[in-house]
Amino acid sequence: MTAVDTIPRRRFADAALVVGIWVLSLAVFFREFVFSGFNSIQIRGGDSDIGYYTQEHWYRWLSGSADWRSPALFYPAKGTLGYTDAQFLYLPPYALFRWMGADMFVALQLVAMVLASIGFFSMYLLLRRHLKVRTLLAAAASVAFAFSNALTLKQFHINTMGIELAPLIVLLAAECVAAMRARRRIRSVAFATASGLLWALLFFTSFYMAWFLGLALLAMAAVLLLVDRELILTVIRLLLSDPRRWMNEVAGFVSGFAVGIIPSLMIYLPVISESGGRSFREVLGFSPRPSDVFNLGPDNLLWGQLTWPGTTPLEGLERSLVASPLLVISSIVALVILWSVRTRGSDNRRLRFLTGLAVTAVAITLVSWRFGDWTMWKVIWKVVPGGKAIRAVDRVQFVVAFFWVIVWAGTMNEIWSRLGATKRRAGSIGIGVVILVAGLVMVEQVNLKSLSGFDHNERSRYFASIPAPPEQCRSFYAIDPSGRYQGEQIPLQAMLLSVQIGLPTVNGLSGMTPPGWNLWTPSDPRYPNAARKWAEANGIAEGFCVLNLSTSEWSIS
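This structure is a prediction, so every number in the text was calculated from the model and none was measured.

Colleague: Looking at this structure, I do not really get the pairing of strand β7 (residues 553-556). What am I missing?
Modeller: Across a regular strand the side chains alternate sides, sitting on one face of the sheet and then on the other. Here strand β6 (residues 544-548) pairs with β7 via 4 bridges, running antiparallel. When the sheet's bridge partners are listed, Cys545 is paired in β7 with Ile556. Between β6 and the antiparallel strand that follows it, β7, lie 4 residues; Ser552 among them carries a positive phi value of about 60°.

Colleague: Explanation requested: empty space enclosed by the protein in the structure shown.
Modeller: Empty space among the atoms becomes apparent when a probe as large as a water molecule is rolled across them. The tally for this structure, following the rule as stated, stands at 2 cavities of 30 Å³ or more. In this model, the largest cavity occupies a volume close to 110 Å³. Forming the walls of the largest cavity are 17 residues, and the residues nearest its centre are Ala144, Ser148, Ala150, Ala323 and Ala401. Those elements giving two or more residues to the lining of the largest cavity turn out to be α6 (135-146), α7 (149-153) and α17 (397-422). If one sorts the elements of the lining of the largest cavity by residue count, α17 sits on top with 4 residues. Along the lines of polarity and charge, the residues of the lining of the largest cavity split into 12 nonpolar, 5 polar and no charged. Volume-wise, the second largest cavity comes out at about 80 Å³. As for the second largest cavity, its lining consists of 13 residues, of which Thr54, Pro71, Leu73, Thr80 and Thr84 are closest to the centre. It is helix α3 (residues 46-62) that contributes the most residues to the lining of the second largest cavity, 3 residues altogether. Tallied by class, the residues present in the lining of the second largest cavity amount to 9 nonpolar, 4 polar and no charged.

Colleague: Even after reading the chapter, I still don't get the packing of α17 against helix α18 (residues 425-443), so can you show me in this structure?
Modeller: Working note: a packed helix pair is described by the angle between its axes plus the distance between those axes. For the pair α17 and α18, the least separation of the axes is 8 Å and the interaxial angle reads 160°. Here α17 is positioned roughly antiparallel relative to α18, judged by the angle of their axes. Of the two elements, α17 crosses α18, and the hand of that crossing is left-handed. On α18, the residues touching Trp408, Met412, Ile415, Trp416, Leu419, Gly420 and Thr422 of α17 are Gly427, Gly430, Ile431, Val434, Ile435, Val437, Ala438 and Val441. Tallied by class, residues from the contact of α17 with α18 come to 11 nonpolar, 4 polar and no charged.

Colleague: It is not clear to me how the environment of Val106 should be interpreted in this structure. Could you clarify?
Modeller: Assignment of secondary structure puts Val106 in helix α5 (residues 104-130). According to the relative accessible area criterion, Val106 is buried, its value standing at 10%. Between the alpha carbons of Val106 and Ile41 there is a distance of 7.3 Å; along the sequence they are 65 residues apart. Those residues in contact with Val106, other than ones at most four positions away along the chain, are Phe33, Phe38, Ile41 and His456.

Colleague: Looking at this structure, I do not really get the domain arrangement of the chain. What am I missing?
Modeller: Interface extent is often summarised as the accessible area lost during association of the parts. By domain assignment, the chain separates into domain 1 (10-40 + 84-305 + 317-443) and domain 2 (465-554). The C-alpha centroid of domain 2 is placed 40 Å from the C-alpha centroid of domain 1. Every contact between the two is made by 7 residues of domain 1 and, on the other side, 9 residues of domain 2. Buried surface at the junction of domain 1 and domain 2, both sides included, amounts to about 560 Å², of which 68% is carbon and sulfur. Summed over the three residues of domain 1 that lose the most area to domain 2, namely Met104, Glu274 and Arg278, the buried surface amounts to 58% of that side. The interface formed by domain 1 and domain 2 contains 0 salt bridges. Counting every contact that joins domain 1 to domain 2 gives 0 residue pairs in polar contact (both at pLDDT 80 or more). Where the side of domain 1 that touches domain 2 is concerned, the elements lending two or more residues are α5 and α12 (247-275). Residue contributions to the side of domain 1 that touches domain 2 peak at 3 residues, all from α12. Looking at the side of domain 1 that touches domain 2 residue by residue, the class counts come to 3 nonpolar, 2 polar and 2 charged.

Thresholds, definitions, all that
- Residues numbered from 1 in each chain as written.
- Predicted model: local features only at pLDDT ≥ 70, side-chain atom pairs only at ≥ 80, totals over all residues.
- Heavy atoms only, no water.
- Pairing = 2+ DSSP bridges.
- Helix = DSSP H or I, 4+ residues; strand = E, 2+ residues; numbered from the N terminus.
- 1 Å grid on protein atoms, 1.4 Å probe; cavity = no way out; pocket = protein on both sides within 12 Å on 5 of 7 lines; lining within 4 Å.
- Points joined across faces, edges and corners; volume = space filled by probe spheres on them.
- Nonpolar A, V, L, I, M, F, W, Y, C, P; charged D, E, K, R; others polar.
- Axes fitted to C-alpha atoms, helices over the stretch in contact; angles between N-to-C directions.
- Parallel < 35°, antiparallel > 145°, perpendicular 65-115°, else oblique.
- Left-handed = near helix turned anticlockwise from the far one by under 90°.
- Contact = heavy atoms within 4.5 Å.
- Buried < 20%, exposed > 50% of the residue type's maximum accessible area, 1.4 Å probe, protein only.
- Domains from an automatic or database assignment.
- Buried area = accessible area lost by both parts, 1.4 Å probe.
- Salt bridge = Lys/Arg side-chain N within 4 Å of Asp/Glu carboxyl O.
- Polar contact = N/O pair within 3.5 Å; in protein donor to acceptor, adjacent residues only side chain to side chain.

What follows is the structure, encoded as structure tokens:
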């Protein structure tokens with residue numbers, strides 16, 4: 001067998017390995033949904049119900065039966081889409097699954113699987129094509145990103161899964177640079193435009209993830225000026241030497257971003273102007289503490305028993321979402337080793353770049369930490385545009401983890417190469433250690449916490465059991481005298497029913513609320529009277545109805 005004959009076999013083996021790791025990761029990450037026959041829905045909780053509502057609103061918009069900027073909650077308030085993440089990029093797969101017959105619950109769960117797959121394969125291609133990382137290491141790093149412990153814990157915040165699109169944005173930009181080097185102008189401009197458009201639309205999908213990505217890239221540029229100034233100067237000299245080589249690509253990126261950012265500006269600027277953004281006290285309450293770096297949750301397969309004084313429970317909180325310990329520690333150790341064995345006069349540009357990413361990740365983590373009532377994040381909150389729209393500071397760790405994954409893959413690959421070049425037994429043992437670390441990095445993402453949110457069949461039967469509202473009903477609110485639903489569950493049930501039957505509701509749950517709306521506490525005896533006052537003040541008293549969730553009965557309010 002010739003060397004040429006072995007290439008297809010090797011490629012087939014590599015493809016089989018990558019696909020196998022992806023399938024296994026999907027099965028573990030979405031295990032309760034998959035092994036229940038798509039009946040046990042993992043995307044659960046308040047924010048996920050908002051996600052179901054938002055996607056169904058977009059689905060109705062596709063049919064021409066909804067105003068895209070004004071989902072029919074907090075009725076008749078306008079511009080309510082800007083109160084939360086718009087999740088627009090989830091719509092194409094969601095609509096496809098709905099057209100194929102899935103209901104809203106199964107469709108959104110399948111969207112989560114699609115997003116995780118996009119994150120896995122785009123990260124893999126980024127590492128393989130542009131950092132030349134070995135197949136196994138690229139696949140392991142992709143698992144650590146797309147199926148991370150942090151994302152496992154945050155599945156109920158379906159909007160955070162927008163981070164799965166970050167590697168695709170960077171991959172498109174990298175493909176643009178590669179096409180420029182090959183002098184393929186149309187291809188490079190197309191990739192640049194696609195990268196800018198996708199990043200802008202990420203703001204219209206998951207604002208936090210898009211904003212944090214921009215912040216991290218700016219921080220990375222600042223750090224690289226310190227650790228790799230020569231790289232920055234080389235790039236600047238290259239750009240100045242022949243502006244015609246890159247102006248079309250920059251114009252394409254800017255044009256794509258400018259077009260894509262328009263809907264975000266349309267829905268979010270009025271809301272920020274109206275509310276003034278988040279108060280710093282809110283931000284402080286959602287900021288992580290240094291002890292949270294050790295908190296991966298009690299059910300993490302490798303680190304669940306690791307605790308630290310001051311560590312807080314994870315359930316219902318925004319912390320901690322840090323990258324897994326072995327990923328970070330092995331990256332730092334690898335950087336130290338590579339710097340200690342570097343040769344004089346050699347080109348250490350890639351090493352300096354990876355070091356810059358690591359320093360950026362550490363710096364962002366330190367800035368996000370809270371020390372008592374003080375945090376360096378206050379500077380960002382005050383100075384950086386859009387900073388006052390951010391409350392859950394620890395979600396920046398999703399982007400930080402993106403950087404750590406690249407650092408880990410790049411450094412492990414370099415160590416593997418150097419060990420392989422020794423042709424000694426020690427080198428083979430070292431490669432074995434690298435392979436073992438890669439396996440453990442994947443394993444440490446596994447969290448055994450039960451992720452089952454609700455029984456799909458049971459919930460579907462419940463909504464099907466609610467009769468159609470009387471013809472005279474034009475809008476409604478919900479009550480639950482039996483106490484079956486508590487707190488925020490009552491408005492969430494009203495929202496989900498509203499979007500299914502096409503009847504507006506004055507109920508709502510979101511990150512913001514319209515001025516004058518004060519229907520937070522359905523258990524308050526004054527709640528029905530407050531609902532009627534809202535209806536009268538906003539001219540919707542005629543045809544205003546109430547749905548009793550305890551008896552599934554409608555009545556005129």
